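Remarks on the overall topology
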Amino acid sequence: MTDNTPPQPSLEETSPQAGQDEGYDGAAPPSTRVLKAVVIVLGLLLIAGFGLVATTIIYRLTVEPESATSVPPKGLWGVESIPLPPGGKVEDMILEGDRLVVRVATRGGGAEIIIMDIRRGHEIGRFSMERK
């Protein structure tokens, strides 16, 4: 029995070789180059982000935060007592952060507000309110 089918070309004969394709010049197409650049930039941003997170974690583990309630021991302050006006009576005190606000009732129905820095122990200011 004889086979009358023509011989099939081999795979090597049908596949184009690099450089044999008419439009192929060996360089990647522009869209591929842009895609490669985007991938590289995003990869660098990802690495930088991981580095920033790691640095922040290490920093927060090694540096002790300053306690908001820490007050220096007695004797380190410049003022150890708050002078009240004659006949004054403390009506109210409010602590806000490192500030102490003291409301003092004075004779004659007036009031005085004294603002203290509790961290340094000095008076920041006073406001007098009097009835007219």
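Below: a short report on this structure. Owing to the predicted nature of the structure, the values given are computational and were not obtained by experimental measurement.

**Section: the overall build of the chain**
In terms of helices and strands, the chain carries 2 helices and 4 strands. Ordering the α and β elements of the chain from the N terminus gives α-α-β-β-β-β. Within the span of the chain, comprising 132 residues, buried residues form 10% of the whole. Sequence-distant contacts, at least 24 apart, represent 24% of the contacts inside the chain between residues at least 6 apart.

**Some remarks on the side chain of E112**
Relative to the helices and strands, E112 is located in strand β3 (residues 111–117). Within polar-contact distance, the side chain of E112 engages the side chain of R126 at 2.4 Å. Of note is the side chain of E112, whose polar atom sits 3.4 Å from the side chain of S128. Not counting the four nearest positions on each side in its chain, E112 is found in contact with P85, V102, R103, V104, T106, R126, F127 and S128.

**Let's talk about the pairing of strand β4 (residues 122–129)**
Sheet topology places β3 next to β4; 7 bridges connect them, and they run antiparallel. Bridge pairing in β4 links I113 to F127. The hairpin turn running from β3 into β4, its antiparallel successor, is 4 residues long, and G121 in that turn takes a positive phi close to 75°.

**Side note on the nonpolar core**
Note that soluble globular proteins tend to have their nonpolar side chains buried in a common cluster. Grouped together as the largest cluster of nonpolar side chains are 6 residues: L100, V102, V104, I114, M116 and I118. Apart from the residues lying within four places of it in its own chain, the contact partners of I114 are I82, P83, L84, L100, V101, V102, V104, E123, G125 and R126.

**Describing the sheet that holds β4**
Within a sheet, adjacent strands bond to each other through the backbone by hydrogen bonds, running parallel or antiparallel. Reading across from one edge, β1-β2-β3-β4 is the order of the 4 strands in this open sheet, with antiparallel pairing throughout. Sheet topology places β1 (89–96) and β4 at the edges, where each strand pairs with a single neighbour. Strand-to-strand twist of the sheet, defined as the mean angle between neighbouring strand axes without regard to direction, takes the value 15°. Bridge count for strand β2 (residues 99–105) against β3 is 7 bridges, and the pairing is antiparallel.

**Digging into the side chain of D117**
Of note, D117 is situated in strand β3. Residues within four places of D117 in sequence aside, it is in contact with D98, R99, H122 and I124.

**Some points on the environment of G97**
Examined against the element boundaries, G97 turns out to sit in the loop between β1 and β2. On the basis of relative accessibility, which here comes to 55%, the residue G97 falls in the exposed class. For the pair formed by G97 and D117, sequence separation is 20 residues and the distance between their alpha carbons is 9.4 Å.

**Digging into a nonpolar patch on the surface**
Residues V34, V38, V41, L42 and L45 make up a contiguous nonpolar surface patch of about 460 Å² in total accessible area. Tracing the chain through its elements places L45 in helix α2 (residues 30–62).

**As for the pairing of β1**
Little of β1 sits inside the fold, with 0 of its 8 residues counted as buried. Bridge count for β1 against β2 is 7 bridges, and the pairing is antiparallel. Following the sheet pairing, V90 is matched in β2 by V104. Linking two consecutive strands that pair antiparallel, namely β1 and β2, is a turn of 2 residues; a positive phi of about 65° is found at G97 within it.

Quick notes on the rules
- Every chain is numbered independently, its residues counted from 1 as its sequence is written.
- Restriction of local features to residues with pLDDT of at least 70 applies here, the model being predicted, together with a cutoff of 80 or more for giving and counting side-chain atom pairs; totals for whole chains, interfaces and linings are based on all residues.
- Water and hydrogen atoms play no part in the side-chain values, which are based on all heavy atoms of the structure.
- For the purposes of this entry, the term helix denotes a DSSP run of H or I that reaches at least four residues, the term strand denotes a run of E that reaches at least two, and both are numbered from the N terminus.
- The classification of residues rests on relative accessible area computed with a 1.4 Å probe and restricted to protein chains. Under 20% of the type maximum is buried, over 50% is exposed, and intermediate values are partly exposed.
- Contact definition: two residues touch when any of their heavy atoms are within 4.5 Å.
- Here a polar contact means two N or O atoms within 3.5 Å. Within protein one must be a hydrogen donor candidate and the other an acceptor candidate, and residues neighboring in sequence count only if both atoms are side-chain atoms.
- Criterion used throughout: strands pair if DSSP finds at least two bridges between them.
- Nonpolar core, defined: a set of buried Ala, Val, Leu, Ile, Met, Phe, Trp, Tyr and Cys residues in which side-chain atoms within 4.5 Å join the residues together.
- Every axis corresponds to a line fitted to the C-alpha atoms, with the helix fit spanning only the stretch in contact, and the corresponding angles, defined between N-to-C directions, vary from 0 to 180 degrees.
- What makes a patch is a set of residues exposed beyond 30% relative accessible area and free of salt bridges, joined within 9 Å when like-charged and within 5 Å when nonpolar (Val, Leu, Ile, Met, Phe, Trp, Tyr).
- Per-residue and other accessible areas follow the Shrake-Rupley method at a 1.4 Å probe size, with only the shown protein chains counted as cover for residues.
- We count a salt bridge whenever a side-chain nitrogen from Lys or Arg sits within 4 Å of a carboxyl oxygen from Asp or Glu.

This is a description of form; function is not addressed.
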